[in-house]
Amino acid sequence: INASIIMQLLAVIVPSLENLKKEGEQGQKKISQYTRLLAVPLSFVQSYGMLILVNKFAPGIVPADNFSEMLPMMIIVASGTILLMWLGELITEKGIGNGISLLIFAGIVSTVPQQLFGGFKAGAGLQDPIFWALIIATIILTIFVVYISEGERRVTVIYAAKKSAQQKKSFLPLKINQAGMIPIIFAMSLVSFPS
């Protein structure tokens, strides 16, 4: 995702990438190839940061002071990232949906049972009003996000019909959120970059 965000920003800045973007499907394939090539070193660098973070929260698991011992771990993490990128592209090609987004969604949803169990274990039960307030807030927030994501402004277009004096109406649907998840992901990447 970070590689695709970087490529989208570079397409605005670099004229040759902007020309590729205008070439249609062939240009998009080239940009996708560049994105994949950029994802490899990015995943390698981010694997180093992730392993340092793991070492900060659980000291001793990752040998952060010895790079030669850390290198195989970085290669494994980067390889897993590339494997997930390939799986995401396969999901997208088969027409199931946006592959990377589905994989991220599956990762988030897979932690929900553990978090619910942890909440019940900590003492929050079905009788707790805070539990029900959180459930209701989650449902309302989900409905609101879907409503905004799927919302569109229908701009009326009036044009004259051929060989008649009558006017015909049509609508030009403009999505409220045209960029999808990219702004959210980009903002999260930007905010987490300094750390």
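As shown above, the structure is provided for reference.
Residues numbered from 1 in each chain as written. Predicted model: local features only at pLDDT ≥ 70, side-chain atom pairs only at ≥ 80, totals over all residues. Heavy atoms only, no water.

Undergrad: Hey, could you go over the packing of aromatic side chains for me, with residue numbers and the actual values?
TA: On inspection of all chains with the given rule, the structure shows 1 aromatic pair. Their ring planes at 55° and their centres at 6.3 Å tell us that Tyr48 and Phe67 sit as a pair that is tilted. Here Tyr48, found in helix α3 (residues 25-57), pairs with Phe67, found in helix α4 (residues 67-93); they are 19 residues apart in sequence, far enough to count as distant. Looking at Arg154, its charged tip hangs above the ring of Phe171, at a distance of 4.2 Å from the centre. (Phe/Tyr/Trp six-rings, centres within 6.5 Å; stacked < 30°, edge-to-face > 60°. Helix = DSSP H or I, 4+ residues; strand = E, 2+ residues; numbered from the N terminus. Lys NZ or Arg CZ within 6 Å of the ring centre and 35° of its normal.)

Undergrad: Provide a residue-level description of the packing of helix α1 (residues 2-13) against helix α2 (residues 15-22), including the pertinent values.
TA: Contact pair α1 / α2: the axes reach a minimum separation of 6 Å and the direction vectors enclose 105°. The orientation of α1 relative to α2 falls into the category roughly perpendicular. Along its contact with α1, which presents Met7, Leu10, Ala11, Val12 and Ile13, the element α2 presents Pro15, Leu17, Glu18 and Lys21. Counted by class, the contact of α1 with α2 contains 7 nonpolar, no polar and 2 charged residues. (Axes fitted to C-alpha atoms, helices over the stretch in contact; angles between N-to-C directions. Parallel < 35°, antiparallel > 145°, perpendicular 65-115°, else oblique. Contact = heavy atoms within 4.5 Å. Nonpolar A, V, L, I, M, F, W, Y, C, P; charged D, E, K, R; others polar.)

Undergrad: Go over the environment of Lys29 with me, naming the residues and quoting the values.
TA: Among the secondary structure elements, Lys29 is positioned in helix α3. Looking at Lys29, the relative accessible area reads 49%, which means it is partly exposed. Between the C-alpha atoms of Lys29 and Lys121, which are 92 residues apart in sequence, the distance is 50 Å. (Buried < 20%, exposed > 50% of the residue type's maximum accessible area, 1.4 Å probe, protein only.)

So far we have only geometry, and geometry alone does not tell us how the molecule works.
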